[in-house]
Amino acid sequence: MEIRLQKIIADAGLASRREAERWILEGKVQINNKLVTQLGSLADPCADRIKVSGKLIPKKQDEVYILLNKPTGCLTTMADDKRGRTTVMEYVKVTKVRVFPVGRLDYNTQGVLLFTNNGSLAKKLLLPKYKVVRTYKVKVSGTPNEKTLKRLMRGVHIKDEKFKPIDAKIQKTSGKNCFLVMTLVEGKNRHIKKVCEHIGHPVIKLQRTHFGGLNLIGLPLGACRFLSPKEVKLLKKLVAD
């Protein structure tokens, strides 16, 4: 089945559709060794040989979805780390299909991390407009008071960066520290750590327990599993236009 070339490139996780269109206009894309510069050109992702900047896009494969309970001490990256540190790709060798992480978790953050080869869905799940819920269990220094928690619910500004409202509840206290359950609908770089430090309660330990309805139930630290068809359907429903 033939579909628009820019969609094929975007679905492969190489770029957004807009960027893929720019690549086409710049003469970086070939179909079956023929240069294509016309927007709206069609191709069959299952049959045609499509190259971007001379590199072949693998023919379309079945969609793969894997959930990892990410441990601390590993990088959320596709490439090998120059410093020899472990990457999350070491934990998802249950398929020969090339998958990539949806978003990222910091080096010392644990928890729910989704992998897929569906680039289009991955990008949508990360867009703030779809309000895909993330939930974190956060151990912080000290115990925030009610006024501070309400401040998070209003959203905070840190320098020129605006953070959307966060629903934060105290789960339990532990000596001079406490555990918070924090729920939000966006995932900026070092999001939780920046916000907690800003309100005077630095993060000691961080775990993402839920992402878009996915959770860690029955999944030990460092283990992964394939999503069920029902779970995939629910993820797609979250970002349906």
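Here, the structure is the one placed above.
Bear in mind the structure is a predicted one, so any value in this text is a computation, not a measurement.

Concerning the overall build of the chain
So, point 1. On a plain count of helices and strands, the chain comes out with six helices and 17 strands.
So, point 2. Seen along its three principal axes, the alpha-carbon backbone of the chain occupies a region of about 65 × 40 × 35 Å.
So, point 3. With 241 residues in all, the chain has 44% of them scored as buried.
So, point 4. For the chain, the computed accessible surface area is about 13700 Å², with 51% contributed by carbon and sulfur atoms.
So, point 5. With 48 positive and 21 negative side-chain charges, the chain shows a separation of 5 Å between the mean positions of the two kinds.

Concerning the pattern of salt bridges
So, point 1. Across all of its chains, the model carries eleven salt bridges by this definition.
So, point 2. The salt bridge involving Asp241 is made with Lys124; its shortest N-O contact spans 3.1 Å. Taken as a pair, Asp241 in the segment after α6 (229-238) and Lys124 in helix α3 (residues 119-126) lie far apart in primary sequence, 117 residues in all.
So, point 3. Under the relative-accessibility criterion, Asp241 is labelled exposed at 75%.
So, point 4. In this structure Lys124 comes out as partly exposed when scored by relative accessible area, which is 24%.
So, point 5. Within the structure, one salt-bridge network assembled from shared partners comprises Glu19, Arg22, Glu26 and Lys28.

A look at the sheet that holds strand β3 (residues 34-35)
So, point 1. Strand order in the open sheet made by the four strands is β3-β2-β5-β6, with antiparallel pairing throughout. Either end of the sheet is taken by a strand with one partner, and the two such strands are β3 and β6 (55-57).
So, point 2. Here strand β2 (residues 29-31) pairs with β3 via two bridges, running antiparallel. Bridged to Gln30 within β3 is Leu35.

Brief notes about the packing of aromatic side chains
To describe a pair of aromatic rings, one takes the distance between the centres and the angle between the planes.
So, point 1. Evaluated as defined, the whole model comprises zero aromatic pairs.
So, point 2. Note that Lys172 overlies the ring of Phe179, its terminal NZ or CZ placed 5.1 Å from the centroid.
So, point 3. In this arrangement the basic side chain of Lys188 is found over the ring face of Phe163, its NZ or CZ atom lying 5.0 Å from the centre.

Parameters at a glance
- Residues numbered from 1 in each chain as written.
- Predicted model: local features only at pLDDT ≥ 70, side-chain atom pairs only at ≥ 80, totals over all residues.
- Heavy atoms only, no water.
- Helix = DSSP H or I, 4+ residues; strand = E, 2+ residues; numbered from the N terminus.
- Buried < 20%, exposed > 50% of the residue type's maximum accessible area, 1.4 Å probe, protein only.
- Areas by Shrake-Rupley, 256 points an atom, 1.4 Å probe, with all protein chains shown as cover.
- Lys, Arg positive; Asp, Glu negative; His and termini not counted.
- Charge placed at Lys NZ, Arg CZ, Asp CG, Glu CD.
- Salt bridge = Lys/Arg side-chain N within 4 Å of Asp/Glu carboxyl O.
- Pairing = 2+ DSSP bridges.
- Phe/Tyr/Trp six-rings, centres within 6.5 Å; stacked < 30°, edge-to-face > 60°.
- Lys NZ or Arg CZ within 6 Å of the ring centre and 35° of its normal.

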